[in-house]
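Coordinates in review
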Amino acid sequence: MKTMVDRKKLLIIFALLTFLFAVFNVVFESRGKYISPDDYHASNSSGWVRLNYQVNLADLHGKKIDTLKAAYTALSSENYFEIHNQFVYIPFFEGKEIFLYGYEEGHADDSIYQHEDIVFSGVKTVQLSHNALSRFNISLWRGEFFPDANYQDGDMVPILLGYEYKGVFDIGDELEADFIEKLLKFKVIGILNKDSHIMMQGYPLYLDRYIVMPSINCLYSPATPEEDLFQVRHYVNKLEGWYEYNNSSQLKVLKNKISAINETLPGRITLLSLERPTMIDSIFSSMIILEQAASWVSILLAILLSVLCPLIYFRLQLKNLSLLCTNVLLGINYKNILIKNILLFLSILALSNLSVLAILIMIGITFTKWILVIDTLAVTTLILLNFLFLKESNLISYMGGLHLAANTKHF
Amino acid sequence: MLQIQSISKSFDKKNIVLDQAGMVVQDYSKVAVIGKSGCGKTTLLNIIAGLLSPDDGEIIYKDFSLTSKSNSKERSDFRFNHVGIIPQRLCLINEYNVFQNIAYPLRLKGVKDNKFIIDKVKDIANRLNIAELLNKKTSLLSTGQCQRVALARAIITSPPILLADEPTSALDSETRAIVMSEFINYPGTVIIVSHDSHVISSCQEVFLIEDGRITKM
Ligand SMILES: Nc1ncnc2c1ncn2[C@@H]1O[C@H](COP(=O)(O)OP(=O)(O)OP(=O)(O)O)[C@@H](O)[C@H]1O
Ligand SMILES: [Mg+2]
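None of the values given here were measured: they were computed from a predicted structure.

Calculation notes
Residues numbered from 1 in each chain as written. Chains lettered and ligands numbered in written order. Predicted model: local features only at pLDDT ≥ 70, side-chain atom pairs only at ≥ 80, totals over all residues. Heavy atoms only, no water. Donors = N, O, S within 2.8 Å, 3.2 Å for Na, K, Ca; no water. Helix = DSSP H or I, 4+ residues; strand = E, 2+ residues; numbered from the N terminus. Buried < 20%, exposed > 50% of the residue type's maximum accessible area, 1.4 Å probe, protein only. Core = buried A, V, L, I, M, F, W, Y, C linked by side-chain atoms within 4.5 Å. Contact = heavy atoms within 4.5 Å. Salt bridge = Lys/Arg side-chain N within 4 Å of Asp/Glu carboxyl O. Near = heavy atom within 4 Å. Polar contact = N/O pair within 3.5 Å; in protein donor to acceptor, adjacent residues only side chain to side chain. Areas by Shrake-Rupley, 256 points an atom, 1.4 Å probe, with all protein chains shown as cover. Axes fitted to C-alpha atoms, helices over the stretch in contact; angles between N-to-C directions. Parallel < 35°, antiparallel > 145°, perpendicular 65-115°, else oblique. Left-handed = near helix turned anticlockwise from the far one by under 90°. Nonpolar A, V, L, I, M, F, W, Y, C, P; charged D, E, K, R; others polar. Buried area = accessible area lost by both parts, 1.4 Å probe.

Turning our eyes to something else, we now look at the coordination of the magnesium ion (ligand 2). Within the protein, B:Thr42 (OG1) and B:Gln88 (OE1) serve as the donor atoms for the magnesium ion (ligand 2), at 1.8 to 2.3 Å. Remark: B:Gln88 occurs in the loop between strand S6 (83-86) and helix H3 (98-108) and B:Thr42 occurs in helix H1 (residues 41-48); sequence separation between them is 46 residues.

Written out as structure tokens, the structure reads:
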């Protein structure tokens, strides 16, 4: 009976540790992510912050476009960078699939749609403010940069193309594009050098397959509801820029500005911290689906999984003990028994892991890298425990009447 | 002839269980092994069955031999082909019923003929007086009933060597007689570890384990 108690204790400790680990990570994860400007304390005296504007669009259009523009003017400075990743729809696009939005993620097909005999393709595009181009040392292979410091809406929009567009379009070519449901005319004025990139959230965004357009400013007030909707959406984006600060007083100025703006606007602008990516971040960055909603469900599932799996497995293992012993007794090689057991165990675990992940993705819940870390940790621990438990000598002692517990040496 | 030649086994330096112990068992003979609790009877059976490796010495049966150098595959092959065991803790599979437990070794040996298996199990169960238990889960049986199920499981493949570790400890005298006649008439070598004087007296030879040595009585 002693072993049962010992094993139970072991399981409880294991479960507790997993739980603490999970809680720790939740706390750790949520720290410094979405913080109101008043509470935002930068750990370094220089760095980047991103503005995040949470608002219901319905509260904005029809009456607020001037306030939005005023807020934008108040924010804009040499340290305020606009880097937006908003694709445009181009009718009868002649380029290859690699230029389509979602190509790298494998769903380029989703960005093509047909409307009254016209095929529109969603083409990857970034919108940059003028200072962003020089901030990231982007250089030209051919052609020239945008002429004005800030491009004004109304005329032909000059665009730059990534290096892989070479041979697809040429300087001087004109295109039509649907940019957040507003029809614009593009004119190619330059092609970027190979491997030109900007940094977004600590990761490089290579522009080789992108169209680069200026983040346009709309000078006139909208005359139609459609135009109003466009401007509202566009300016909400423009308010979600990036701010580079070199000392804490600059950050303080920004915070004050944001607080003042929050007084005048519906919704709320908050700051997102942008820490340098860690190793784990880079490894998992491709798997992480960032979402604001707290991923409590996924965390709960992960905890359940990491606690239930050992419990269920050891329960089964105890039940299995007589089967395993009988197999040893009847001359089945211990190694075969072990291999079979581990394979079975791994497949059970893989199945449960996969199904949990599948459920998470299906219901659109984000899972952070920590879920995977916890899971992997649980799996490795279990395999190790399995090895400890399933020693041949343990089975043989069991048959001989020596209870497993009598041989605490074995554990 | 089963020869056990100067077998030594210790679990740690202080605990020498068998010390150059030897015995010879003729084919088809029925022998008893006795000794105080903890003297190494189970250890001896485990070594003969190839469950444990001796530190020194050799087990010779026909042209097979097990030594400290035999690997686990050789040992399990020897067990698979030559040995039937009734272990002290019986090790029945609780999730299976009695029939499945008894038939299990036949299935492991790859016997597919269901009628053959059913007939064989029923025949043995009738002899051991457990025919009416065949559909019961073994977790519901008494210890004496379990001992007979373990015996049936051990003899169903008719191994030439049968090792029994205290097989009658929980039986009444009537059932013990049934079981003993099964051992005495078994067409192979039988080694029984027992404290039971009835069992000992029905064996042809008795070996005593004392201070790591085996002596013939
Ligand atoms: N796996 C093991 N590890 C360590 N010591 C062991 C192991 N198996 C047996 N022993 C020790 O070896 C000695 C002999 O044990 P064994 O089980 O052979 O005794 P036994 O004669 O069968 O006793 P009993 O009549 O009580 O069944 C005991 O002291 C026991 O503690
Ligand atoms: Mg014993």
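Phi is positive for A:Asn137, which is not a glycine, with a value near 50°. Mapped onto the elements, A:Asn137 comes out in the loop between helix H3 (130-135) and strand S9 (140-143). You can call A:Asn137 exposed: its relative accessible area is 68%. Even without a glycine there, the phi angle at B:Asp211 is positive, about 50°. With respect to the element layout, B:Asp211 can be found in the loop between strand S9 (205-210) and strand S10 (213-216).

Right, let's talk about the nonpolar core for a bit. Counting 49 residues, the largest nonpolar core has A:Leu68, A:Phe186 and A:Leu239 as the members making the most contacts within it. In terms of residue count, helix H2 (residues 65-75) of chain A provides more of this core than any other element does, 5 residues in total. A:Phe186 has contacts with A:Val88, A:Met156, A:Val157, A:Ile159, A:Asp173, A:Glu174, A:Leu175, A:Ala177 and A:Met213, leaving out every residue within four places of it along the chain. Core analysis: the second largest hydrophobic core is formed by 47 residues, A:Leu329, A:Ile337, B:Val25 and B:Leu66 among them.

Below, the discussion takes up the pattern of salt bridges. For the coordinates displayed, the defined rule picks out 15 salt bridges over all chains. A:Glu104 is paired through a salt bridge with A:Lys124; the nearest N and O atoms lie 2.8 Å apart. Pair noted here: A:Glu104 is in the loop between strand S5 (88-91) and strand S6 (112-115) and A:Lys124 is in the loop between strand S7 (118-123) and strand S8 (125-128), with a separation of 20 residues, a long-range link. Overall, the relative accessible area of 46% leaves A:Glu104 in the partly exposed class. The exposure class assigned to A:Lys124 is buried, which follows from its relative accessible area of 4%. One salt bridge connects B:Lys73 with B:Asp77, and the closest N-O pair in it is separated by 2.9 Å. One end of the pair is B:Lys73 and the other is B:Asp77, both in helix H2 (residues 72-82) and 4 residues apart, which spans about a single turn. Among the residues examined, B:Lys73 registers a relative accessible area of 46% and is labelled partly exposed. With a relative accessible area of 31%, B:Asp77 lands in the partly exposed category.

All right, on to the site of ligand 1 then. Surveying the vicinity of ligand 1 reveals 16 residues, the closest of which are B:Ser37, B:Gly38, B:Lys41, B:Thr42 and B:Thr43. Proximal residues around ligand 1 fall on chains A and B, making this an inter-chain site. One nitrogen or oxygen atom from the side chain of B:Gln88 is found 2.8 Å from an oxygen atom belonging to ligand 1. Relative to its unbound accessible area of 630 Å², ligand 1 is 79% covered by the protein chains. Going through the elements one at a time, strand S2 (15-25) and H1 of chain B are the ones with two or more residues in the shell around ligand 1. In terms of residues, the shell around ligand 1 owes the most to one element, H1(B), which gives 3 residues.

What follows is about the packing of H2(A) against helix H4 (residues 225-238) of chain A. Residues and elements named next belong to chain A. At a minimum axis separation of 10 Å, H2 and H4 run at an interaxial angle of 25°. On the basis of their axis angle, the class for H2 and H4 is roughly parallel. Where H2 crosses over H4, the two elements pack in a sense that is left-handed. Across the interface between the two elements, Ile-65, Leu-68, Lys-69 and Tyr-72 from H2 touch Asp-228, Gln-231, Val-232, Tyr-235, Val-236 and Lys-238 from H4. When its residues are assigned to classes, the contact of H2 with H4 shows 6 nonpolar, 1 polar and 3 charged.

Further remarks concern H3(B). Residue and element names in this part refer to chain B. Of all 11 residues that make up H3, 8 are buried, and the element is covered over most of its length. Buried within H3 are the following residues: Val-98, Phe-99, Asn-101, Ile-102, Ala-103, Tyr-104, Pro-105 and Leu-106. Phi turns positive one or two residues past the end of H3, at Gly-110, with a value near 90°.

This part takes up the interface of chain A and chain B. Between chain A and chain B, the contact holds 20 residues from the first and 24 residues from the second. For the pairing of chain A and chain B, the buried interface totals around 2,000 Å² over both sides, and the portion due to carbon and sulfur atoms is 58%. Broken down residue by residue, the surface that chain A buries against chain B is led by A:Leu329, A:Leu330 and A:Ile396, which jointly contribute 28%. Our count for the contact surface shared by chain A and chain B stands at 0 salt bridges.

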